[in-house]
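# Fold and contact review
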Amino acid sequence: MVNCRVLIALCFLLSLASKICAVNPTKTQANVPSELTFTSTKKYSDPFNQLTVDVVFKDPDGIQITVPAFWDGGQVWKVRYASSRIGTHRFQTICSDSADHGLSGVYGSLEVTPYRGKNALFKHGPVRVAGDHRHLAYADGAPFFWLGDTWWMGLASRLRWPNEFQALSANRVEKGFTVVQIVAGLYPDMFPFDKRGANEAGFPWQADYKSINPAYFDRADERIRYLIDHGISPCIVGAWGYFLPWMGVEKMERHWRYLIARYGASPVIWCAAGEANLPWYLAPKFPYDDRVQVHGWTDVLRYIRRTDPFHRLLTVHPTAINSYTSHHATDDTSLLDFDMLQTPHGKEDAAEAASKQMVESYAVSPPTPVIDGEASYEMLGDTLPTQWTRAMFWICMMNGAAGHTYGANGIWQNNRPGDPHGNSPHGGNYGKIASQDAMNLPGSRQLGLAKRLFEKYPWFWFRPHPEWARYEKNEGVTFDESKWIWFPEGNPAVDAPIADRFFRTTFKVAPSKKIAGARLLLTADDAATIYLNGDKIGESREWKDGVQIVRLEGRLLKGNNVLAVRAENIAANVKQNPAGLIATLAIRYTDGTIQFVRSGGDWKTSDGVLTGWQAIDFDDRAWPAAMVIGRYGSAPWGYAGSMHMQIGPLSTGIPSQVRFTYVISPTPIVVCHLDSHVPYHAKVFDPISGGITDHGWVKANEMGEWKCSPPSNCREDWVLVMEAAKGSAGTFGY
């Protein structure tokens, strides 16, 4: 009997010993992460791989979640927890080594009080999918406008902490950015363990991927926390896709468990991988769509889903091979909360691809929010113009995007003044502009201005309406009936001398008619300088894009005029170097008629330059006629130079209330499907300056249409905003 009592007493004492009360913070505010620290009572040779520690939390409603803890070096383990539920939250630790009483069977409580600050991420709660499955919202339902930036390598020390990182953050906060896409140390565009990818504490993993480096993430914590404290939600990219074959699925899952433990309690967004279907740059037959890699990342996506107790938004970033959608970068699209796109980097062709992909992604059922997570980085290669970075935002938003991610060359790869990132593993680089200069490129401010315009209206109710506008009939200038021409020498469509050739055409403007507008569309393989009546009016330096020159009516003369072009066939690393020129000049008169001047066999050409060859009075009778070498669309040029006319106008909004229409070129449009009995307040938003041109109150004709032209100073794109006088009139304003 005595022995039995002794045994019971011993069991009771052992039970007490196993239930060590945690000595940690006892209070936190709603949605604000609290960190609890535990110290192992035993020493391990390899804690990261030998132990697993979880903490079970029970909220005031009795709901339990299991939160993974992370090893923070030595004998220290930590767990981070956040909740929106006010009251007492109890917890108990579970360790794979139940005999370690510092990590197993530790219990305690945490009091969650109301949040008292102004940070939207804590005031409203982390980002989730809105109820309409088209947009994003904070946890309490308040709309969340995703304006992202790409700092892929932003956790490396080349973006120096604290000064440079904080300066870039302040720049983005001031402009209205709400998301930063940032990679958790396993970077693109470099060999593994390249010194450019280290931070102040080294690399995130040991060189053999045997164990993680907690000190790396301690330094990463500073940066992640700083973004969150300033209202920016980090979209944490676990690794670049090609790390998966090196590390294996199991090791990558350990990596992701660590990220979830470190950052899951914070208001973050998960991106399983960057370019999940792109293999290592030096792989045989690179680049290609790596489906084996996709299978592995799908397993990792499933792991993130079942491991993350906080259910943060989850997506994956695709590479632009065969498809531009994240649906192509996983075997199971149900794992994705939203579709992240990567559309091409470029100009008209990239804009066309982005528009097409947005339409396709928006039409997928069941619907999910769509965001272009990488599109036409500003100054990519130190050349890509702001116009196309800006156009990507508007194209995506008009087609139903839940927001948009901006990108600037120099920022994503941490270029430094005089010390750019340098070559990729496969050779070549993306440009030298430093991040300190790139953060002040105009595109980021222009996207911020656009976001502010949207936020003046219930943008989260907007839906695409492509039927709401069209280009004015016969206004669009195309190459459809124009011909490719060149100097008569051999077969220029196949090969031509590396040289300049000169072209002229004379035409008459009707003296009795008044010109309403005139514009020229022209491209030359490879480049061209353009003159009208002896004056230089423009250049074309990219034959695939060409040039559109507007507002030429003031340069035309009554009677005789001459259009002259100096075209260049530039040396290139090709066996055969074709050359060609194609042009259309459209002169629109006030009586509605249009006069076209098209390139063809009636143009004159020369292989040598003479003084005054651009002038009206130059005698070109000795010049031979130009050789017609192909119709528009023929090889080798295809449909170069006219993509902008295939995009839009694009419209979105709320029927009978408000409309936005984006026009990618300074081209008049016809607004359609208006109520002819209702006045509309119309204004034009300048997407470059943010300025407003007020058209006042307008009414549609009996067909429900109204014609609108861009402001006279418009040279690129423009946005028409219309508010109906009835219904919600007066509710909106800018």
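Rules used throughout
Counting starts from 1 at the beginning of each chain's written sequence and moves along it residue by residue. Per-residue local features of the predicted model are confined to residues with pLDDT of at least 70, and side-chain atom pairs are confined, for both listing and counting, to 80 or more; whole-chain, interface and lining totals are unaffected and use all residues. To get the side-chain values, all heavy atoms of the structure are used, and hydrogens and water are removed first. For helices the rule is a DSSP run of H or I covering at least 4 residues; for strands it is a run of E covering at least 2, with both sets numbered from the N terminus onward. Partly exposed residues are those whose accessible area sits between 20% and 50% of the maximum for their type, while under 20% is buried and over 50% is exposed, using a 1.4 Å probe and protein chains only. A contact between two residues is defined here by any heavy atoms of the two lying within 4.5 Å. Accessible surface area values rest on a Shrake-Rupley calculation with a 1.4 Å probe, where residue burial reflects the displayed protein chains alone. As used throughout, the charge tally considers Lys and Arg to be positive and Asp and Glu to be negative, leaving His and the chain termini uncounted. All charge positions are set by atom: Lys at NZ, Arg at CZ, Asp at CG, Glu at CD. Salt bridge criterion: a side-chain nitrogen from Lys or Arg within 4 Å of a carboxyl oxygen from Asp or Glu. Scored from 0 to 100, pLDDT reflects the predictor's confidence in each residue. Only when DSSP finds a minimum of two bridges between them are two strands counted as paired. Helix axes are fitted to C-alpha atoms over the stretch in contact, other axes to C-alpha atoms as well, and angles between N-to-C directions run from 0 to 180 degrees. Stacked, tilted and edge-to-face pairs are distinguished by plane angle, under 30 degrees for stacked and over 60 for edge-to-face with tilted covering the rest, among Phe, Tyr and Trp rings (Trp via its six-membered ring) whose centres lie within 6.5 Å. Both a distance and an angle decide whether a charge sits over a ring: NZ of Lys or CZ of Arg must be within 6 Å of the ring centre and within 35 degrees of the ring normal. Here the angle decides the label: under 35 degrees means roughly parallel, over 145 means roughly antiparallel, 65 to 115 means roughly perpendicular, and every other value means oblique. Crossing handedness is read from the near helix: turned anticlockwise from the far helix by less than a right angle, it gives a left-handed crossing, and turned clockwise, a right-handed one. Note on residue categories: nonpolar means Ala, Val, Leu, Ile, Met, Phe, Trp, Tyr, Cys or Pro, charged means Asp, Glu, Lys or Arg, and polar means any other residue, Gly included. We define the nonpolar core as a collection of buried residues of types Ala, Val, Leu, Ile, Met, Phe, Trp, Tyr and Cys that are connected through side-chain atoms lying within 4.5 Å of one another. Multiplying 1.5 Å by the residue count of a helix minus one yields the expected span of that helix. Polar contact is the term for a pair of N or O atoms within 3.5 Å; when the atoms are in protein, one must be able to donate a hydrogen and the other to accept it, and sequence-neighboring residues count only if both atoms are side-chain atoms.

In this section: the overall build of the chain. Each helix and strand counted, the chain has eleven helices and 39 strands in total. Principal-axis analysis of the C-alpha atoms places the extent of the chain at approximately 125 × 65 × 45 Å. Residue burial in the chain is summarised as follows: out of 734 residues, 59% are buried. Contacts in the chain between residues at least 24 apart in sequence constitute 74% of all its contacts with a sequence separation of at least 6. Carbon and sulfur atoms provide 53% of the accessible area of the chain, an area that totals close to 29100 Å². Positive and negative side-chain charges in the chain, numbering 73 and 74 respectively, have mean positions lying 4 Å apart.

Applying the stated criterion across every chain, the model contains 36 salt bridges. Asp 54 is the salt-bridge partner of Arg 257, the closest N and O atoms lying 2.9 Å from each other. A residue pair is termed long-range when its members are at least 10 positions apart, and Arg 257 in helix H6 (residues 243-263) and Asp 54 in strand S3 (residues 53-58) qualify at 203 residues. Arg 257 gets classed as buried once you look at its relative accessible area, which sits at 15%. With its nearest N and O atoms 3.0 Å apart, the salt bridge here joins Arg 291 to Asp 289. Overall, the relative accessible area of 15% leaves Asp 289 in the buried class.

We now examine the confidence of the model for the chain. Taken as a whole, the chain shows an average pLDDT of 92; of its residues, 94% reach a score of 70 or greater. With pLDDT under 50 throughout, residues 4-19 is counted as low confidence; its partners more than four residues away or in other chains account for seven contacts. Note on residues 728-734: pLDDT is under 50 here. Beyond four places in sequence and across chains, it has 20 contacts.

All right, on to unusual backbone geometry then. Geometrically, the link from Trp 161 to Pro 162 is a cis peptide bond, its omega value of 5° lying close to zero. A cis amide bond, omega 25°, links Asp 525 with the succeeding residue Asp 526. Checked against the element boundaries, Asp 526 lands in the loop between strand S24 (515-525) and strand S25 (527-532). One non-glycine residue with positive phi stands out, namely His 311, at about 55°. Summarising the element assignment, His 311 is placed in the loop between helix H7 (291-307) and strand S16 (314-315). Classification of His 311 by relative accessible area gives exposed; the value is 60%. Even without glycine at this site, Ser 656 takes up a positive phi of about 65°. For Ser 656, a relative accessible area of 52% gives the class exposed.

Glancing now at the side chain of His 255. Relative to the helices and strands, His 255 is located in helix H6. In this structure, His 255 is in contact with Ala 184, Leu 186, Trp 205, Ile 212, Phe 217, Gly 238 and Met 247, ignoring residues within four places of it in sequence.

In this section: the sheet that holds strand S28 (residues 559-568). Strands sit in the order S26-S25-S28-S23-S31 across an open sheet of five strands; the sheet is antiparallel. The open sheet terminates on both sides in strands that have one partner only, identified here as strand S26 (535-540) and strand S31 (604-606). Taken pair by pair, the neighbouring strands of this sheet meet at an average axis angle of 20°, ignoring direction. Pairing of strand S23 (residues 500-509) with S28, which is carried by ten bridges, proceeds in the antiparallel orientation. Pairing of Arg 501 across the sheet is with Ala 567, part of S28.

Below, the discussion takes up the packing of aromatic side chains. According to the stated counting rule, one finds 50 aromatic pairs in the structure shown. Aromatic pair Phe 618 and Trp 623: ring centres 5.6 Å apart, planes at 65°, arrangement edge-to-face. Three or more aromatic residues joined by ring pairs form one cluster here, namely Phe 145, Phe 393, Trp 394, Phe 454, Tyr 457, Trp 459, Phe 460, Trp 461, Phe 462, Phe 660, Tyr 662 and Phe 685. Of note, Arg 134 hangs over the ring of Tyr 362, and the distance from its end group to the ring centre comes to 3.7 Å. Across the ring face of Phe 487, the terminal group of Arg 501 is positioned such that the distance to the ring centre comes to 5.4 Å.

Once that is clear, we can look at the packing of helix H9 (residues 386-398) against helix H11 (residues 442-455). The N-to-C vectors of H9 and H11 enclose an angle of 25°; their axes lie 9 Å apart at closest approach. When the interaxial angle is binned, H9 and H11 end up roughly parallel. The two elements H9 and H11 meet at a crossing, and its hand is right-handed. Residue-level inspection shows Thr 386, Thr 389, Arg 390, Phe 393, Trp 394, Met 397 and Met 398 of H9 in contact with H11, the latter providing Pro 442, Gly 443, Gln 446, Leu 447, Ala 450, Lys 451, Leu 453 and Phe 454. Classifying every residue of the contact of H9 with H11 by side-chain character gives nine nonpolar, four polar and two charged.

The description of two packed helices rests on the angle between their axes and on the distance between the axes. It is the contact of helix H4 (residues 163-175) with H11, at a shortest axis distance of 8 Å, that shows an interaxial angle of 35°. Between H4 and H11, the residues in contact are Arg 172, Glu 174 and Lys 175 and Ser 444, Arg 445, Gly 448 and Arg 452, respectively. Among the residues making up the contact of H4 with H11, the classes are represented as no nonpolar, two polar and five charged.

Counting 168 residues, the largest nonpolar core has Trp 146, Trp 256, Trp 297, Trp 394, Phe 454, Phe 660 and Leu 720 as the members making the most contacts within it. Looking at this core, the element that brings in the most residues is H6, giving ten residues.

To continue, consider H7. If you check H7, its first and last C-alpha atoms are 24 Å apart, about what 17 residues at 1.5 Å a residue would give, namely 24 Å. Taken together, the buried positions of H7 are occupied by Gln 293, Val 294, Gly 296, Trp 297, Thr 298, Val 300, Leu 301, Tyr 303, Ile 304 and Thr 307. Among the structural elements, strand S4 (64-68), H6, strand S15 (269-271) and S16 are those in contact with the buried residues of H7. Two or three places before Val 292, at the start of H7, stands the capping residue Asp 290, its side-chain oxygen 3.2 Å from that residue's backbone nitrogen.

On to the side chain of Thr 315, then. Structurally, Thr 315 can be placed in strand S16. Once you skip the residues sitting within four places of it in the chain, Thr 315 turns out to touch Trp 270, Cys 271, Ala 272, Leu 301, Ser 326, Leu 336, Phe 338, Asp 339 and Met 340.

With that settled, the discussion passes to the sheet that holds strand S9 (residues 127-129). Sheet architecture is open: three strands sit in the order S9-S10-S11, paired in antiparallel fashion. Pairing within the sheet leaves two strands with one partner each, and these edge strands are S9 and strand S11 (143-144). Where strand S10 (residues 136-138) lies against S11, two bridges are found, and the strand directions are antiparallel. The partner of Leu 136 across the bridge, within S11, is Phe 144.

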